[in-house]
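# Architecture at a glance
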Amino acid sequence: MPVKREGDNVAAVVVERVQTPRGELVLRRHGDAFEIISNGTFLMDTRDGASERLLVRAAVEAVGRPDLRVLIGGLGVGFSLGEAAAHPAVGHVTVVEREAPVIAWQHGPLGRFSRHALDAPHVEVRHEDLLDWAFAAAGPADDPLPTYDALCLDIDNGPDWTVTESNRSLYGRDGLLALRGRLAPGGVLAVWSAAGSREFEERLRGVFGDVRVEEIPVRVPRGVPDVVFLAR
């Protein structure tokens, strides 16, 4: 049944509603745009994507070498994946996404927003919780965990506004140390956020040292710009 957004003349139509181990996940269409809603909380939509693309582009340019291995944490609507898959400096892309419906939607109505990058030969998708990936135990010396030149994370609305409580551990010191351990020498961690966080920025500096913050104005004014934290 169409859901009316307050103050809007266009009804949002539910495309699919699914139950996951973490609750309800909804894909809905609102005019020409698609939206993903988790347990009643808006996560993302397809209206712009500028900051999600910058998340990847800024990380790749900060590393500054060719044939990069890039990991995308959180598939979302596909903007970050599409940017990474098309970038000439990127040789391989791994996407870690814990929600099976989000992966399925990339093979359906959301595929065009990544330019169908999941079908590209240099892209692989792992159906896995990013926390399990980040905190995976180190392998033996002859079979170490793979490292990446850029880790681009977009699994929450920001370090201070997580989708699930368990995600908070990823933004703490132990989580940042685990992420640093999955970076190749000279690698860059990029974290997307819907708002700035001085506390998280200082925590990044304590683990990485070299930290830069990029602000991206949003198309629909909501008081604050999107933010990308870049740590080397």
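Residues numbered from 1 in each chain as written. Predicted model: local features only at pLDDT ≥ 70, side-chain atom pairs only at ≥ 80, totals over all residues. Heavy atoms only, no water.

Let us look at the pairing of strand 4 (residues 33-38). With six of six residues buried, strand 4 is to be regarded as a mostly interior element. What you see with strand 4 is no split at all: Ala33, Glu35 and Ile37 on one side and Phe34, Ile36 and Ser38 on the other are buried throughout. Two strands pair when backbone bridges link them, and strand 3 (residues 23-30) and strand 4 are joined in this way by six bridges, in the antiparallel orientation. For arginine 28, the partnering residue across the bridge sits in strand 4 and is glutamate 35. Counted between consecutive antiparallel strands, the loop separating strand 3 from strand 4 contains two residues, among which glycine 31 sits at a positive phi close to 70°. Here strand 4 runs beside strand 5 (residues 41-45); their pairing, made up of four bridges, is antiparallel. Each bridged residue has a counterpart across the sheet, and for glutamate 35 the counterpart in strand 5 is aspartate 45. The loop that links strand 4 with its antiparallel partner strand 5 comprises two residues; one of these, asparagine 39, has a positive phi angle of about 50°. (Buried < 20%, exposed > 50% of the residue type's maximum accessible area, 1.4 Å probe, protein only. Helix = DSSP H or I, 4+ residues; strand = E, 2+ residues; numbered from the N terminus. Pairing = 2+ DSSP bridges.)

Now for the packing of aromatic side chains. Tallying each qualifying case throughout the model produces five aromatic pairs. Relative to phenylalanine 113, the ring of phenylalanine 34 lies with its centre 6.2 Å away and its plane at 70°, an arrangement referred to as edge-to-face. Here phenylalanine 34 is found in strand 4, whereas its partner phenylalanine 113 is found in the loop between helix 3 (100-106) and strand 8 (123-127), with 79 residues between them in sequence. The class for phenylalanine 34 is buried, based on a relative accessible area of 9%. For phenylalanine 113, a relative accessible area of 13% gives the class buried. Both rings, one in phenylalanine 200 and one in phenylalanine 229, keep their centres 5.0 Å apart while their planes meet at 85°; by these two values the pair is edge-to-face. (Phe/Tyr/Trp six-rings, centres within 6.5 Å; stacked < 30°, edge-to-face > 60°.)

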